[in-house]
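# Examination of the molecular architecture
Here's the letter readout for the chains.
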Amino acid sequence: MTVTNRSLVTIDDLSTAEIEALFLVADEMAGSMDSQFGVCRGKIMASLFFEPSTRTRLSFETAMYRLGGNVITASDVGATSLAKGESIADMARVVGSYADIIVIRHPWEGAAKVVADYAGVPVINAGDGGHQHPTQTLCDLYTIQKERGAIRGLNIALWGDLKYGRTTHSLIFALAKFGANIFFFPTPGLEVPEHVVDKLIKEYGGELERYEAQATEDLSPLDAIYITPSSPHQLAMMPDVNIQVELNRGVDALYVTRPQKERFTDAEKNLEMKNGYPVVDKKLLKGKAFRSTLVMHPLPRVDELAHELDADPRSKYFTQAARGVPIRMALVASLLGNREVSLPKEAITAREVGYPVYRRESGIKCPNPRCVSIQETETKYLKPEFKIVNDQPLTLRCIYCEHGFEPKYIASTEWHEGRAETKKYHGADSPLIRKIRLENLIIFDSAEAAEAQGFKPSHYV
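Within each chain, residues carry numbers counting from 1 in the order of the written sequence. With pLDDT at 70 or above as the cut-off, local features in this predicted model cover only qualifying residues; side-chain atom pairs require 80 or more to be listed or tallied, and sums for whole chains, interfaces and linings still use all residues. Working from all heavy atoms in the structure, the side-chain values ignore hydrogens and water.

## Section: the packing of aromatic side chains
For any pair of aromatic rings, the description rests on two quantities: the centre-to-centre distance and the angle between the ring planes. Whether two aromatic rings pair depends on their centres lying within 6.5 Å, for rings of Phe, Tyr and Trp, where Trp uses its six-membered ring; planes under 30 degrees apart make the pair stacked, over 60 edge-to-face, and the rest tilted. Tallying each qualifying case throughout the model produces eight aromatic pairs. The ring of Phe173 is capped by Lys199, whose NZ or CZ atom sits 4.6 Å from the centre of that ring. When the ring centre of Phe455 is taken as reference, the NZ or CZ atom of Lys423 above it lies at 4.3 Å. To sit over a ring, a charge needs its Lys NZ or Arg CZ within 6 Å of the ring centre and within 35 degrees of the ring normal.

## Quick look at the pairing of strand β6 (residues 181–186)
The element β6 is extensively covered by neighbouring structure, given that six of its six residues are classed as buried. Remark: exposure states derive from per-residue accessible area (1.4 Å probe, protein chains only) relative to the maximum for the residue type, with buried under 20%, exposed over 50%, and partly exposed in between. Helix and strand definitions follow DSSP, with helices as H or I runs of at least four residues and strands as E runs of at least two, each counted in order from the N terminus. Neither face of β6 is open: one carries Asn181, Phe183 and Phe185, the other Ile182, Phe184 and Pro186, and all of them are buried. The criterion for strand pairing is that DSSP finds at least two bridges linking the strands in question. Alignment of strand β5 (residues 155–160) against β6, held across six bridges, turns out to be parallel. Bridge pairing in β6 links Leu158 to Phe184. Note on handedness: a crossover is taken as right-handed if, strands pointing away from the viewer, the path from the first strand over the helix to the second is clockwise. Where the polypeptide runs from β5 across helix α6 (residues 166–177) and back to β6, its parallel neighbour, the crossover connection is right-handed. As judged from the three bridges shared by β6 and strand β8 (residues 222–227), these two strands associate in the antiparallel manner. Residue pairing across strands places Ile182 opposite Tyr226, the latter belonging to β8.

## Quick word on the pattern of salt bridges
Think of a salt bridge as a Lys or Arg side-chain nitrogen and an Asp or Glu carboxyl oxygen that are within 4 Å of each other. The full count for this structure, using the stated rule, is 20 salt bridges. When the shortest N-O distance is used, the salt bridge between Asp27 and Lys146 registers 3.1 Å. Residue Asp27 is found in helix α1 (residues 16–31), and its partner Lys146 is found in helix α5 (residues 134–148); the two are separated by 119 residues along the sequence. Taking the relative accessible area as the measure of exposure, Asp27 reaches 32% and is therefore partly exposed.

## Quick word on the side chain of Thr137
Here Thr137 lies in helix α5. Looking at Thr137, its side chain comes within polar contact range of the main-chain nitrogen of Leu171, at 3.3 Å. Should any heavy atoms of two residues lie within 4.5 Å, those residues are considered in contact. Beyond its immediate sequence surroundings of up to four residues, Thr137 is in contact with Ile11, Thr167, Ser170, Leu171 and Ala174. Counted as a polar contact is a pair of N or O atoms within 3.5 Å, where, for protein atoms, one must be capable of donating a hydrogen and the other of accepting one, and residues adjacent in sequence contribute only when both atoms are in side chains.

## Let's talk about the environment of Ala119
Structurally, Ala119 can be placed in helix α4 (residues 111–119). The exposure class assigned to Ala119 is buried, which follows from its relative accessible area of 7%. Measuring from C-alpha to C-alpha, the distance between Ala119 and Ser97 comes to 7.8 Å, with 22 residues separating the pair along the chain. Filtering out sequence-adjacent residues up to four positions away, Ala119 remains in contact with Ala92, Arg93, Gly96 and Ile102.

See the structure below:
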């Protein structure tokens, strides 16, 4: 299988064909757990969990033990050399010399990419801050496929904290990759980040229809609907569309998420205390749209999912968690090259977009305070890198945390039409952005930064 010796940092690291192949391996392993012992005999997995975890950590460790391998673990940053100021890169190099594969959870977004870049062995991202959680997404997709038979063309509703929920960020891209339609029902103030939406449309096609918090008889306010390119698109022709009518054929799966309070700002904490958090309960599931809906949750739950639903046959969250073991067994064995499977003949693949990358050190840095690239221990060796995903307005995407932002000013190392350098800086919305070659482009986050390097404002500022 083609995933051997690769890392899984984001869900984009696997094609639909590779995901489907992993599901076949997971089916085999789920059907004969005892016979898998010895598949990874002699292999060691390093389990590094620097944020709390129950299901992900234990399912990974269970998976490795069931495969006949061994586990070394660290779960408290304070008990490691990271607490002494060691960089993630140095830790990765050392741990990579002890283990054959690394599973890491870390609060800094992009930390898993750094580990993958420096470890020298396959690395699996078990959640990096609010960025992504690709193996949870594999469990989610596997559950939907097992329960519904296919994913293509389904209506999947995402409910709750869509801003900080890393599971939803991974799942959004995966659902689009497999051709599902997505209904966004966020808690007010916790909508899907714009950089996630931007990537969704640019790289997976389809269309996003936004709504002015339209509430329906049974639902919380609908924020947006993503229509996959593989579905007939009627919404654009019906600007006053009745959302209840659109949902008449039903929601195939409702994916509920808890409030990620550990990542909330003070303002978000106050808003959540004031307005509360929406609850999925039996009353909601009596609605026509949800009569046959799978109820899913990555867990843990707090109060957003009523316990009265546990006995409801539509509730699949505990089954979803249990399937984490065979899925992770399949993934670990495949990355280590101990299990192979033929790829399906046909598969839906994501639209690949090649972006120019800005690497010049001009003082610009990722504005995401949780990004690994701006942390004090990491800036000594990590250089800011950004994909240029749009030129008007100029939009950059950090290669580590994938946070998108629009910088303020630009300049060029040379003047056009053969004239001498005039050391002028311009507003990033200047039409000159399309005339400056990438190797000459300089981007600044402030006028002060540009002037500190000897540039003066032009009439485009």
